[in-house]
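Remarks on the overall topology
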Amino acid sequence: MDGQRLRRLGRRAAVTIATTAVAVGGLAGTAQATDHRVSSQAIEAADTIMKWYDPDTGLWKTTNWWNAANILTGLMDLDLKDHTQRYVDVAATTYAQGKDQQDGNFTNQYNDDTGWWGLAWLRAYELTGTQQYLDTAVADAEKIWAFQDDSCGGGIWWNEDKGYKNSITNELFIKLAAQLHNTLPGDTVWLDRAEQTWHWFQDAGLINASHQINDGLNSACRNDGTSPVFSYNQGVILGALVELDKAGDADALSVADQIATAAVTSPTLSPHGILADPGEPQSDGGADGTTFKGVFVRNLDELDQHEGGTPLYRGYLQRQASSIIGHDRNADGQFGYHWAGPFDTADAARQGSALDALVAAAPDRVLTVTADAAYPGGPAVTAPGAPGTATTSFTNGGRTPATEVTVTLQAPDGWTVEPQTPAVSDRVGQTASLATTWTVEPPAGTAPGRYTLDATTQYDVPGRTGRQSVTGSTRVIVANTATRCVSTADGYCPLDLTGDYDHDGVASLADPAAGNFDGLGWSYAADLLPAPGPVTLGGVPYQAPSTAGTDPNFVEASGQPLVVPAGSYAVAHVLGSAHNGSVDTTATVVYADGSTASVALRLSDWAGGAAFGNAKAIAMPYRIKAGKGQDGPAVSIFSTTVALDPSKQAKWIVLPTDPRVEVYALTLGQG
């Protein structure tokens with residue numbers, strides 16, 4: 001596993017929401033919780049879906065095998081969010097009737113079907129603690145992993161025929177494996193498999209330039225952009241990245257936010273703000289598509305809850321529920337396929353998707369955590385020994401007051417965290433909030449990187465026993481100290497990026513596995529690069545990094561600020577390249593006066609020709625492959641420029657969040 005990509009930073013607080021068991025009358029459940037955390041429409045939708053349930057098969061009439069796994073997951077989600085156990089008997093019946101169906105243990109020839117059932121049983125285990133559900137989830141994951149191989153560079157086959165590597169199968173496995181890691185004490189195997197599959201997924205190009213996920217790879221192992229963009233592909237990956245973030249993957253949440261934001265703002269996936277799959281409203285969804293949208297909103301809800309509640313996602317989820325209720329429901333309380341309307345027909349799959357949307361939109365008690373952004377829309381950045389500010393806000397969306405409320409904020413060991421406003425309240429009423437401002441200060445000597453602030457609110461609910469809690473978290477960046485100019489001749493300032501390099505993209509014939517530039521085992525050849533130290537390329541002086549051993553020699557773009565030395569400059573000369581395709585993106589320049597500017601940062605693919613007006617600064621006839629040695633094709637490091645405002649003093653250059661972008665060297669210039 002690439003240790004550069006997987007970093008455990010700081011302590012993470014566990015979500016410990018107490019559940020209240022109630023008596024269950026019949027399979028559908030008739031007992032009502034005294035404090036519903038989901039809407040009455042969600043409960044009615046669940047009651048309606050049970051009218052299609054066949055206890056003799058453990059499945060739902062009018063729909064199929066894999067759709068049933070999603071319906072069961074939706075019922076488990078309702079119980080978890082509503083703090084009830086209305087549907088635990090349904091899970092038990094479905095398990096008993098279905099365990100020996102298909103190929104046994106809820107597996108069949110389609111690995112995505114097996115993944116849906118594995119996640120359903122893991123969710124049932126989360127609700128009930130029943131060991132056989134966890135055992136089945138493990139067995140399902142093992143079955144899927146048996147179809148992982150090196151074809152197309154890695155990944156898992158869709159089915160046993162091994163004819164197609166698609167997005168959904170691999171997304172489901174990433175989520176299932178990462179969630180197993182977060183469930184099984186001391187696990188390392190499932191996390192390694194999840195990370196391995198996730199890195200392949202990224203590098204295979206399944207996430208396109210619009211941060212949307214196409215359905216799969218063509219026969220040439222490429223995402224050529226012709227396969228559809230289905231809503232469920234945008235959804236499962238969000239839940240998978242939440243689980244990877246819980247496991248300590250420092251980059252997971254930023255990628256999840258890119259994908260989620262792209263989906264909820266897309267004029268094609270979310271026309272007029274309402275989720276729609278390709279072909280709607282003319283399409284009837286077929287046997288599969290009627291479940292897709294429910295999968296998306298369920299996983300978006302997981303991301304939103306994990307991030308403590310965000311206006312963009314929460315507003316989107318509530319808008320879906322409002323549209324379904326207002327435009328896609330018949331007189332019998334059944335829901336159709338077109339969430340924007342009109343109602344078409346009813347079946348269990350359509351009802352299951354609507355249930356997912358209504359549960360996802362449910363009002364809840366949420367805790368948001370924010371840290372002061374360095375600039376509007378930018379990251380939260382602090383420096384060792386310099387106090388910053390964070391804010392927690394506990395909002396009671398439940399139907400009863402929360403009492404004896406206590407909020408805590410936890411930072412990594414050694415950090416100073418002090419509340420500046422009250423962090424306790426005797427009572428937070430319905431729709432009310434408790435906001436607390438905190439001073440947060442990393443100690444002197446804190447290493448640059450991303451760190452997590454975890455918040456927990458504990459409270460009582462009248463009529464319930466035991467303390468309940470919700471959690472939230474946010475990330476802050478501890479920036480590196482300012483880089484230095486290695487010289488100032490002729491108005492140039494070549495930067496020493498030693499403290500910023502975080503990725504080894506260089507290997508040698510003697511040690512071809514020393515680096516891994518593209519995540520697939522290929523690297524630049526050390527003996528074809530300049531010696532460490534001053535080098536002039538295209539008339540511009542740069543400071544070349546080390547090529548020795550496993551020394552890092554590229555800055556992999558993950559939204560971090562490069563802190564530049566004081567001075568006024570007109571241009572930044574950048575040496576770098578991209579992998580898995582050329583990248584057209586932007587960086588943000590932050591000036592000492594507080595102003596910012598978004599500037600183009602375009603880098604060509606290392607194994608392709610010069611694009612965007614880039615120039616080949618260092619051209620090499622071959623690259624190095626781990627386990628092989630010298631390997632084609634020819635590769636290059638390119639030069640490009642980023643415009644600066646010479647009338648101001650630049651403070652930071654904030655890189656984009658796109659790990660395909662790799663910076664090799666950077667020089668500031670006055671003209």
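Since this is a predicted model, take the numbers as computed values, not measurements.

**With respect to the overall build of the chain**
The helix and strand inventory of the chain stands at 12 helices and 27 strands. Its C-alpha atoms give the chain a radius of gyration of 26 Å, near enough to 26 Å, the size a compact globule of 671 residues would have. Taken along the three principal axes of its C-alpha coordinates, the chain extends 80 × 60 × 45 Å. The burial tally for the chain puts 57% of its 671 residues in the buried class. Residue pairs in contact within the chain that sit at least 24 positions apart in sequence constitute 69% of those at least 6 positions apart. Of the roughly 24400 Å² that the chain leaves accessible, carbon and sulfur atoms contribute 50%. The positive charge centre, built from 41 side chains, and the negative charge centre, built from 73, are 3 Å apart in the chain.

**Details of the pairing of strand S21 (residues 596-603)**
Sheet topology places strand S20 (residues 583-591) next to S21; eight bridges connect them, and they run antiparallel. If you follow Thr586 over to S21, its bridge partner there is Ala600. Taken together, S20 and the strand that follows it, S21, pair antiparallel across an intervening segment of four residues, in which Gly594 is found at a positive phi of about 95°.

**A closer look at the side chain of Arg350**
Structurally, Arg350 is set in helix H12 (residues 348-360). A distance of 3.5 Å separates a polar side-chain atom of Arg350 from the backbone oxygen of Thr345. Residues within four places of Arg350 in sequence aside, it is in contact with Asp284, Thr290, Phe335, Gly336, Tyr337, Asp344 and Thr345.

**Some remarks on the sheet that holds strand S4 (residues 381-382)**
Strand order in the open sheet formed by five strands is S4-S11-S10-S6-S8, with mixed pairing between adjacent strands. Looking at which strands have only one partner, the edges of the open sheet turn out to be S4 and strand S8 (424-428). Strand direction decides the pairing type here: strand S6 (residues 402-410) and strand S10 (residues 449-460), joined by six bridges, are antiparallel. Note that in S10 the partner of Leu409 across the bridge is Ala455.

**What about the pattern of salt bridges?**
Summed over all chains, the structure comprises 24 salt bridges. A salt bridge links Glu160 to Lys143; the shortest N-O distance between them is 3.4 Å. Here Glu160, found in the loop between helix H5 (131-145) and helix H6 (167-183), pairs with Lys143, found in helix H5; they are 17 residues apart in sequence, far enough to count as distant. The exposure class assigned to Glu160 is partly exposed, which follows from its relative accessible area of 37%. The partner of Asp593 in a salt bridge is Lys648, with the nearest N and O atoms 3.8 Å apart. Taken as a pair, Asp593 in the loop between S20 and S21 and Lys648 in the loop between strand S25 (635-643) and strand S26 (650-654) lie far apart in primary sequence, 55 residues in all. Salt bridges sharing common partners tie together Asp77, Arg123, Glu126, Lys175, Arg298, Glu302 and Asp356.

**Some points on the confidence of the model for the chain**
On average, residues of the chain carry a pLDDT of 89, and 93% of them reach 70 or more. In the model, residues 1-35 has pLDDT below 50 throughout and makes 92 contacts with residues more than four positions away in sequence or in other chains.

**Observations regarding the side chain of Gln334**
Relative to the elements of secondary structure, Gln334 occurs in the loop between helix H11 (311-327) and H12. Once residues lying within four places of it in the same chain are set aside, the contact partners of Gln334 are Thr48, Trp52, Asp328, Arg329, Phe343, Ala346 and Gln351.

**Thoughts on the packing of aromatic side chains**
Enumeration over the complete set of coordinates arrives at 31 aromatic pairs. Plain terms: the ring middles of Trp198 and Phe201 are 6.1 Å apart, the flat faces sit at 25° to each other, and that makes the pair stacked. Taken together, the residues Trp198 and Phe201, both in helix H7 (residues 189-203) and three residues apart, mark about one turn of the helix. With respect to class, Trp198 is no different from Phe201; both count as buried. What links up through ring pairs into an aromatic cluster is the set Trp65, Tyr95, Phe106, Trp117, Trp121 and Tyr133. The cationic tip of Lys625 hangs over the ring face of Trp522; the distance from NZ or CZ to the ring centre is 3.8 Å. Just above the ring of Trp652 sits the side chain of Lys651; from NZ or CZ to the centre is 4.7 Å.

**Observations regarding unusual backbone geometry**
The step from Gly341 to Pro342 runs through a cis peptide bond, and the omega angle for that step is 0°. Counting through the fold element by element, Pro342 comes out in the loop between H11 and H12. In this structure, the amide linkage connecting Gly632 to the following residue, Pro633, adopts the cis form with an omega of 0°. The phi angle at Cys152 is positive, at roughly 60°, despite the residue not being glycine. Within the secondary structure layout, Cys152 lies in the loop between H5 and H6. Accessibility expressed as a relative area gives 25% for Cys152, which makes it partly exposed. Its identity is not glycine, yet His272 carries a phi of approximately 60°, on the positive side. On the accessibility criterion, His272 (83% relative accessible area) is exposed.

Criteria and cut-off values
- Residues numbered from 1 in each chain as written.
- Predicted model: local features only at pLDDT ≥ 70, side-chain atom pairs only at ≥ 80, totals over all residues.
- Heavy atoms only, no water.
- Helix = DSSP H or I, 4+ residues; strand = E, 2+ residues; numbered from the N terminus.
- Rg over C-alpha atoms; globule rule 2.2 N^0.38 Å.
- Buried < 20%, exposed > 50% of the residue type's maximum accessible area, 1.4 Å probe, protein only.
- Contact = heavy atoms within 4.5 Å.
- Areas by Shrake-Rupley, 256 points an atom, 1.4 Å probe, with all protein chains shown as cover.
- Lys, Arg positive; Asp, Glu negative; His and termini not counted.
- Charge placed at Lys NZ, Arg CZ, Asp CG, Glu CD.
- Pairing = 2+ DSSP bridges.
- Polar contact = N/O pair within 3.5 Å; in protein donor to acceptor, adjacent residues only side chain to side chain.
- Salt bridge = Lys/Arg side-chain N within 4 Å of Asp/Glu carboxyl O.
- pLDDT = per-residue confidence, 0-100.
- Phe/Tyr/Trp six-rings, centres within 6.5 Å; stacked < 30°, edge-to-face > 60°.
- Lys NZ or Arg CZ within 6 Å of the ring centre and 35° of its normal.

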